[in-house]
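# Observations on chain architecture
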Amino acid sequence: MAHHLPGWRIESATLAAPGALDRAQEACGPGALVYPMFMTSGWFTSDALRARLTARDAHVLPPFGTDPALSAMAADLLRETLAEAGWHAAGTRLFIAAHGSGRNANSARDTRAFADALAAATGFAEVRTGFVEEAPYLVDMAFGLGERAICLPFFAARGGHVTDDIPEALQLAAFRGRLLAPIGCAPTAPALVARALATAEVPA
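Attention in this report is confined to the structure presented alongside it. Every value quoted in this text rests on a predicted model; they were computed, and no experiment measured them. Along every chain, residues carry numbers that run from 1 in the direction the sequence is written. Whole-chain, interface and lining totals are the exception, using all residues; otherwise, since this is a predicted model, local features are given only for residues with pLDDT of at least 70 and side-chain atom pairs are given and counted only at 80 or more. Water and hydrogen atoms play no part in the side-chain values, which are based on all heavy atoms of the structure.

### Section: the packing of aromatic side chains
Any Phe, Tyr or Trp ring, taking Trp's six-membered ring, that has another such ring centre within 6.5 Å forms a pair; planes under 30 degrees apart are called stacked, those over 60 apart edge-to-face, and the others tilted. A full pass over the atoms with the stated rule returns 1 aromatic pair. Here the aromatic rings of Phe114 and Phe154 are separated by 4.6 Å at their centres, their planes lie at 25°, and the arrangement is stacked. With Phe114 in helix H4 (residues 106-122) and Phe154 in the loop between strand S5 (149-153) and helix H6 (160-172), the pair connects residues that are 40 residues apart, well separated along the chain. Overall, Phe114 belongs to the buried group, its relative accessible area being 4%. By definition, being over a ring means that NZ of Lys or CZ of Arg is both within 6 Å of the ring centre and within 35 degrees of the ring normal. Sitting above the plane of the Trp87 ring, Arg178 keeps its charged end 5.8 Å from the centroid. Runs of E in the DSSP output that reach at least two residues are strands. Runs of H or I that reach at least four are helices, and both are numbered from the N terminus. Under the scheme applied here, a residue whose accessible area is under 20% of the maximum for its type counts as buried, over 50% as exposed, and between as partly exposed, the area being computed with a 1.4 Å probe on protein chains only.

Written as structure tokens, this is what we have:
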């Protein structure tokens, strides 16, 4: 990330690590930009994160998964996957595996917005979306995708849902296609984040 933003002070923190966010805020100083590496604008980004920020002049940006440029980045990644497999989008199905939420409708809304934009940009035969924590569930949507299918995890990192829940659901559904790394781990993701930071509009 740092080589995309020369001269910037870049710190990272997870809310699960006690004191990590406070240390990152202190290191970055007043008026810092806070970039949530989350996929949707749910409770964490709207309430939990802001409540934990001690620097009240910090500027919280929209989360990674809602960046309008993400669908174009994902489309490029999927075109590379199709080329490697020798497949064409028109004869291939895409399955987007996402988190979802039983408490906040924003998660499914933001995921479907990404799926719609990706479908419009790629021309897959079918684009399905399944969730870990709400209907339609992963295993239900993964059935019958055929051999020419790609599963794209709509996650920021390789957490338990990516390493356990998604493979388990795909196995139950007898998925025979290609499982990709989560979109947040794509090689081009750091450049997208850097661009969002560099072009962020903050109040004067």
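### Points about the sheet that holds strand S3 (residues 93-98)
Two strands make a pair as long as DSSP finds a minimum of two bridges between them. The strand order across the open sheet formed by 4 strands is S4-S3-S5-S6, and the pairing between neighbours is parallel. Looking along the sheet, the strands with just one partner apiece sit at the ends: strand S4 (126-131) and strand S6 (178-179). Judged from the 6 bridges that link them, S3 and S4 form a sheet pairing that is parallel. Bridge pairing links Arg93 to Glu126 in S4. Residue contacts are defined here by distance: any two heavy atoms, one from each residue, within 4.5 Å place the two residues in contact. Axes here mean lines fitted to C-alpha atoms, for a helix over just the part in contact, with angles spanning 0 to 180 degrees between N-to-C directions. Of the strands in this sheet, S3, S5 and S6 touch helix H3 (residues 70-85), which is tilted by about 145° from S5. Strands in contact with H4 are S3, S4 and S5; relative to S4, the strand with the most contacts, it is inclined by about 165°.

### Regarding the environment of Thr45
Inspection of the secondary structure assignment puts Thr45 in helix H2 (residues 43-52). Sequence-wise, Thr45 and Ala149 are 104 residues apart; in three dimensions their C-alpha atoms are separated by 32 Å. In this structure Thr45 touches Pro36, Phe38, Thr40, Arg50 and Pro63, once residues within four positions along its chain are discounted.

### Let's talk about the layout of surface pockets
Residues are said to line a cavity or pocket when one of their atoms sits within 4 Å of a point; the points come from a 1 Å grid over protein atoms alone, cavities being sets where a 1.4 Å probe fits but cannot get out and pockets being open sets with protein on both sides within 12 Å along at least five of seven lines. Grid points are joined across faces, edges and corners, and a volume is the space filled by probe spheres set on the points. Taken as a whole, the largest pocket encloses approximately 840 Å³ of empty space. In terms of residue class, the lining of the largest pocket is made up of 22 nonpolar, 4 polar and 2 charged. Approximately 640 Å³ is the volume found for the second largest pocket. Together, 26 residues line the second largest pocket, and Phe38, Met39, Thr40, Phe44 and His99 are the ones closest to its centre. Throughout this entry, Asp, Glu, Lys and Arg are counted as charged residues, while Ala, Val, Leu, Ile, Met, Phe, Trp, Tyr, Cys and Pro are counted as nonpolar. The remaining residues, Gly among them, count as polar.

### Looking at the pattern of salt bridges
Each salt bridge in this description consists of a side-chain nitrogen of Lys or Arg and a carboxyl oxygen of Asp or Glu lying within 4 Å of one another. The final tally for this structure, using the stated rule, is 6 salt bridges. Residue Glu126 is joined to Arg128 by a salt bridge in which the shortest nitrogen-to-oxygen separation is 2.9 Å. For Glu126, a relative accessible area of 29% corresponds to the partly exposed category. Residue Arg128 is classed as buried on the basis of its relative accessible area of 14%. Taken together, the salt bridges that share partners define one network made up of Arg93, Glu126 and Arg128.

### As for helix H7 (residues 189-198)
Those residues of H7 that fall on the buried side of the exposure criterion are Ala189, Leu192, Val193, Ala194, Ala196 and Leu197. In this structure, the buried residues of H7 make contact with strand S1 (33-34) and H3.

### Let's talk about the pairing of S3
Every other side chain in a regular strand lies on the same face of the sheet, so the side chains alternate between the two faces. The buried count for S3 comes to 5 of 6 residues, which makes it a mostly enclosed element. A crossover gets the label right-handed when its path from the first strand over the helix to the second runs clockwise, viewed with the strands pointing away from the viewer. Assessed by its sense of winding, the connection that carries the chain from S3 through H4 to S4 is right-handed. Sheet topology places S3 next to S5; 5 bridges connect them, and they run parallel. Of the residues in S5, the one forming a bridge with Leu94 is Ile150.

### Regarding unusual backbone geometry
Cis geometry marks the peptide bond from Ala135 to Pro136, where omega comes out at -5°. Residue placement: Pro136 occurs in the loop between S4 and helix H5 (138-142). In this structure, Ala174 is a non-glycine residue whose phi angle is positive, near 55°. Along the polypeptide, Ala174 turns up in the loop between H6 and S6.

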